[in-house]
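Examination of the molecular architecture
Single-letter residue listing:
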Amino acid sequence: MRANPNIVVTGTPGVGKTTHCETLAERTNLRHVSVNQIVKDKGCHEGWDDEYQSWIVDEDKLLDALEEEVAAGGCIIDWHACDLFPERWVDLVVVLRVDTSTLYDRLKSRKYPEKKLQENIDSEIMDVLLQEARDSYNENIVVELTSNTTDEMDSNVDRIEAWVKQWKKDNPPDGRDENGDDDNDDGED
Ligand code: ADP
Ligand code: MG
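Residues numbered from 1 in each chain as written. Chains lettered and ligands numbered in written order. Predicted model: local features only at pLDDT ≥ 70, side-chain atom pairs only at ≥ 80, totals over all residues. Heavy atoms only, no water.

1. Examining the UniProt feature "binding site: ATP" (unreviewed entry) in the chain
UniProt marks Gly-14, Gly-16, Lys-17, Thr-18, Thr-19 and Arg-110 with the feature "binding site: ATP" (unreviewed entry), using the numbering shown here. For the largest pocket, the lining residues drawn from the annotated set are Gly-14, Gly-16, Lys-17, Thr-18, Thr-19 and Arg-110. For Gly-16, a relative accessible area of 17% gives the class buried. By the element assignment, Thr-18 lies in helix H1 (residues 17–27). Setting aside its immediate chain neighbours within four residues, Thr-18 contacts His-32 and Asp-78. (UniProt positions renumbered as here; feature names shortened; annotations may be inferred. 1 Å grid on protein atoms, 1.4 Å probe; cavity = no way out; pocket = protein on both sides within 12 Å on 5 of 7 lines; lining within 4 Å. Buried < 20%, exposed > 50% of the residue type's maximum accessible area, 1.4 Å probe, protein only. Helix = DSSP H or I, 4+ residues; strand = E, 2+ residues; numbered from the N terminus. Contact = heavy atoms within 4.5 Å.)

Rendered as structure tokens:
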């Protein structure tokens, strides 16, 4: 049993995953796990795709690289895919969504190659990441949140922070049983 939950924050590039994860990491005791960074730093790839301007990820190497950290719990996993993480690793999947025109502007300012930009816009329109999350995990742990404005982001972070607090109440450390027989701290905080 982990003492802190693991959360996957996913969605099309540009929806706001990294911004959400960084804010959440400041507001909770969970750690931002940037999969992009790990792929790069630990060489979990089969080289660089020049057309798409991204690494060709080696999923087996990536899972090996993540396993120890994720097993410890308390990770906010930041990645534009979620179907590769085993279900037992994951307590909550947040799928961020954004309006097409907003996403277009965000990706354009990142200077994405035209083909990559268009594919990502199409993917967002067709709910690809949301579907992937629903296909990969119990639907009870998949939450779809919009990320068009900073107000929406603030409210998302508040909701996720509240969820983390509740998860900790529901999953007390060793010594207490699942029925909460020993969980007599209700009402204090
Ligand atoms: P991702 O990690 O999903 O690719 P980022 O977190 O890097 O996305 O965000 C992409 C850009 O969009 C950044 O410039 C960020 O400041 C902006 N952004 C992200 N989420 C929001 C939001 N909810 N409201 C306003 N701007 C946002
Ligand atoms: Mg990012």
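2. A word on the site of ligand 1
Taken together, the neighbourhood of ligand 1 is formed by 14 residues, with Gly-14, Lys-17, Thr-19, Arg-110 and Thr-149 sitting nearest. Val-15 is positioned such that a nitrogen or oxygen atom in its backbone is 3.4 Å from an oxygen atom of ligand 1. In the environment of ligand 1, a nitrogen atom lies 2.9 Å from a nitrogen or oxygen atom belonging to the backbone of Thr-149. Sorting the residues of the shell around ligand 1 by element identifies H1 and helix H7 (150–170) as the ones contributing at least two each. Looking at the shell around ligand 1, the element that brings in the most residues is H1, giving three residues. Of the residues that constitute the shell around ligand 1, the class distribution is three nonpolar, eight polar and three charged. (Near = heavy atom within 4 Å. Polar contact = N/O pair within 3.5 Å; in protein donor to acceptor, adjacent residues only side chain to side chain. Nonpolar A, V, L, I, M, F, W, Y, C, P; charged D, E, K, R; others polar.)

3. Observations concerning the packing of aromatic side chains
Using the criterion set out here, one finds two aromatic pairs in the structure. Between Trp-48 and Trp-55, the aromatic rings sit 5.0 Å apart at their centres with planes inclined by 75°, giving edge-to-face as the arrangement. A residue is classified by how much of its surface remains accessible, and Trp-48, at 41% relative accessible area, is partly exposed. Overall, the relative accessible area of 30% leaves Trp-55 in the partly exposed class. Ring geometry for Phe-85 against Trp-89: centres 6.3 Å apart, planes inclined by 25°, an arrangement best described as stacked. Judged by relative accessible area, which is 3%, Phe-85 ranks as buried. Judged by its relative accessible area of 5%, Trp-89 falls in the buried class. (Phe/Tyr/Trp six-rings, centres within 6.5 Å; stacked < 30°, edge-to-face > 60°.)

4. Here's the deal with the packing of helix H4 (residues 100–109) against helix H5 (residues 114–125)
Where H4 contacts H5, the two axes come as close as 10 Å, and the packing angle between them is 155°. Considering their axes alone, H4 and H5 lie roughly antiparallel with respect to each other. Of the two elements, H4 crosses H5, and the hand of that crossing is right-handed. Contacts between H4 and H5 involve Thr-100, Leu-103, Tyr-104, Leu-107 and Lys-108 from the first element and Glu-114, Leu-117, Asn-120, Ile-121, Glu-124 and Ile-125 from the second. In the contact of H4 with H5, the residues fall into six nonpolar, two polar and three charged. (Axes fitted to C-alpha atoms, helices over the stretch in contact; angles between N-to-C directions. Parallel < 35°, antiparallel > 145°, perpendicular 65-115°, else oblique. Left-handed = near helix turned anticlockwise from the far one by under 90°.)

5. So, the pattern of salt bridges
A complete count under the given rule lists nine salt bridges for this structure. The salt bridge partner of Lys-115 is Glu-51, with a shortest N-O separation of 3.2 Å. Note that Lys-115 is positioned in helix H5 and Glu-51 in the loop between strand S3 (45–49) and strand S4 (54–57), a separation of 64 residues in sequence. With a relative accessible area of 43%, Lys-115 lands in the partly exposed category. Among the ionic contacts, a cluster of salt bridges with common partners joins Arg-97, Glu-124, Asp-127 and Glu-144. (Salt bridge = Lys/Arg side-chain N within 4 Å of Asp/Glu carboxyl O.)

6. Examining the sheet that holds strand S6 (residues 92–97)
With parallel pairing, five strands are arranged side by side in an open sheet as S2-S5-S1-S6-S7. Unpaired on one side and paired on the other, strand S2 (31–34) and strand S7 (142–146) mark the two borders of the sheet. Strand-to-strand twist across the sheet, computed as the mean angle between neighbouring axes with direction ignored, equals 25°. In this sheet, S7 lies alongside S6 in parallel orientation, the contact comprising five bridges. In the sheet register, Leu-96 faces S7, and the bridge partner there is Leu-145. (Pairing = 2+ DSSP bridges.)

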